[in-house]
Amino acid sequence: MKEIFCKLLVIGAGPGGYVCAIRAGQLGIDTVIVETGKPGGTCLNVGCIPSKALIHAAEEFAAVRRMAAGRSPIGIRVGDTAIDLAKTIGWKDGIVGRLTSGVSTLLHKANVKIVHGHAAFRDGKTVEVETETGAQIIRADTVVIATGSEPVELPALPFGGRVISSTEALSLRDLPEKLVVVGAGYIGLELGTAFAKMGSEVTVVEAMPQILPQYDADLVRPVLRKLGELGIRVLTGAKAKGPSRNGDTLLVETADGHEQQLPADRMLVTVGRKPKTAGSGLEELDLDRSGPYLRIDERCRTSMRGIYAIGDVTGEPMLAHRAMAQAEMVAEIVAGRKRAWDKRCIPAVCFTDPEIVTAGLSPGEARAQGYDIRVGQFPFSANGRAMTMYSEEGFVRVVARTDTNLVLGLQAVGAGVSELSATFAHAMEMGARLEDIAGTIHAHPTRSEAIQEAALKALGHALHI
């Protein structure tokens, strides 16, 4: 059996794992990374990137359909429209292929050794990897666990046949005529909206009383309104009980206790994600847990010396950019640099229609933490750039302390607001006050002006509303 000795072993080549390995390689650390599939993990292969490609294609098609129906307010008309989903998926796969190839190139450039196979711990310093050519032992001074997450399967709706996860949804070659989405979190609504725009009849089933339960009602309201415009049926307070005997109908218990039958060519289950640890041998290690997740400290250290964990396997928020930030920090710690996790905020984006972006505390969260706050909100209906793009729905909101005007949070809902996430996070990280944002000259005409106007509104002297 072959053996490899290295200073750093990274298990998993998702956004966290490959960034950690690349940075470690740049710092001259002898690094090995193990991955069962293609580099990039869930995010690049079956998550963030392919879903955004599908969302963009769906929006393009929906826009053309509006033009063909004579419903374009800007006077453009076109002929008949159609979508070739197989070709769309092929285009998406091409993007994924380019990016996975790019990750491999970057790893090689950083002198990282890549081992393809499934890794299982023998002890805290040793893993056994099952490769195509046989078993391989890797011994390392330091180990980083970055195995990611996988979709949660409902006992009443096991994956298979008509019941699919987001992974299968992103590879469908034929458009389902009737799609039922179980779970109205960001994954379910992003994909459900995309399929509705491409022509599927979509029904969303959510057990909670509100869709997108992690966001406050003001941010969710424009999304709910758009779902209605798209003809998406939403059942909240409803429970999926399982498929019918022949499998072509989902049985649902509605909020009033009645049972409904929802015909479905496909049933997309998006009720959350869980850490991907099966077969990893973690049970051989004495690692503290926080529920199903690995418990870590401010340096991403686990309860065992020399073992770090980053990304989804450590719990919420399960965001690729969180994993990347943790990864870079851990690589530098292993290299002997002094680093700690000291993030004021981690921005989060929901790529629904319209998009939602948040950073820091919402008004409700700030008040719950005992802050006396002032809130400034500016609607895109008063923003010139939004008007010229015929996308006036939504707003920008800023939350600040009353006594110091220190910004506690920024939120927005609207078309393309995901691109405001960097500005939001930057303001939070730099400890901006309302005066800092209000006094910064924002280019006109841009959507970003709404951030300045929201700050001015909080200060009591908005200019354009």
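Observations regarding helix α3 (residues 48-68)
Next up, step 1: Taking 1.5 Å per residue, 21 residues should reach 30 Å; α3 reaches 30 Å between its end C-alpha atoms and fits that length.
Next up, step 2: On its buried face, α3 is in contact with α2 (41-46), α4 (85-109) and α6 (186-198).
Next up, step 3: Positive phi shows up at glycine 70, right after α3, with a value of about 75 degrees.

With respect to the sheet that holds strand β8 (residues 163-164)
Next up, step 1: Strand order in the open sheet formed by 5 strands is β8-β15-β9-β10-β11, with parallel pairing between adjacent strands. Strand pairing shows two members of the sheet lacking a second neighbour, β8 and β11 (233-236), which therefore form its edges.
Next up, step 2: Two strands pair when backbone bridges link them, and strand β9 (residues 178-182) and strand β10 (residues 201-206) are joined in this way by 5 bridges, in the parallel orientation. Bridge pairing in β10 places valine 180 opposite threonine 203.
Next up, step 3: With respect to the sheet, α6 is in contact with β9, β10 and β15 (266-269), its orientation differing from that of β10 by roughly 165 degrees.

Description of the pairing of strand β14 (residues 259-263)
Next up, step 1: Pairing geometry for strand β13 (residues 249-253) and β14, over 5 bridges, is antiparallel. Among the inter-strand pairings, valine 252 is bridged to a residue of β14, identified as glutamine 260.
Next up, step 2: What sits between β13 and β14 in their antiparallel hairpin is a turn of 5 residues, with glycine 257 showing a positive phi close to 90 degrees.

Things to note about the packing of α3 against α6
Next up, step 1: The geometry of α3 relative to α6 is characterised by a closest axis approach of 8 Å and an angle of 35 degrees between their N-to-C directions. In the crossing of α3 with α6, the sense of the turn from one axis to the other is left-handed. Facing Ser51, Lys52, Leu54, Ile55, Ala58, Glu59, Phe61, Ala62 and Arg65 of α3, the residues of α6 in contact are Glu190, Leu191, Ala194, Phe195, Ala196, Lys197 and Met198.
Next up, step 2: When grouped by side-chain class, the residues that make up the contact of α3 with α6 number 10 nonpolar, 1 polar and 5 charged.

Rules behind the numbers
Residues numbered from 1 in each chain as written. Predicted model: local features only at pLDDT ≥ 70, side-chain atom pairs only at ≥ 80, totals over all residues. Heavy atoms only, no water. Helix = DSSP H or I, 4+ residues; strand = E, 2+ residues; numbered from the N terminus. Expected span 1.5 Å × (residues − 1). Contact = heavy atoms within 4.5 Å. Pairing = 2+ DSSP bridges. Axes fitted to C-alpha atoms, helices over the stretch in contact; angles between N-to-C directions. Left-handed = near helix turned anticlockwise from the far one by under 90°. Nonpolar A, V, L, I, M, F, W, Y, C, P; charged D, E, K, R; others polar.

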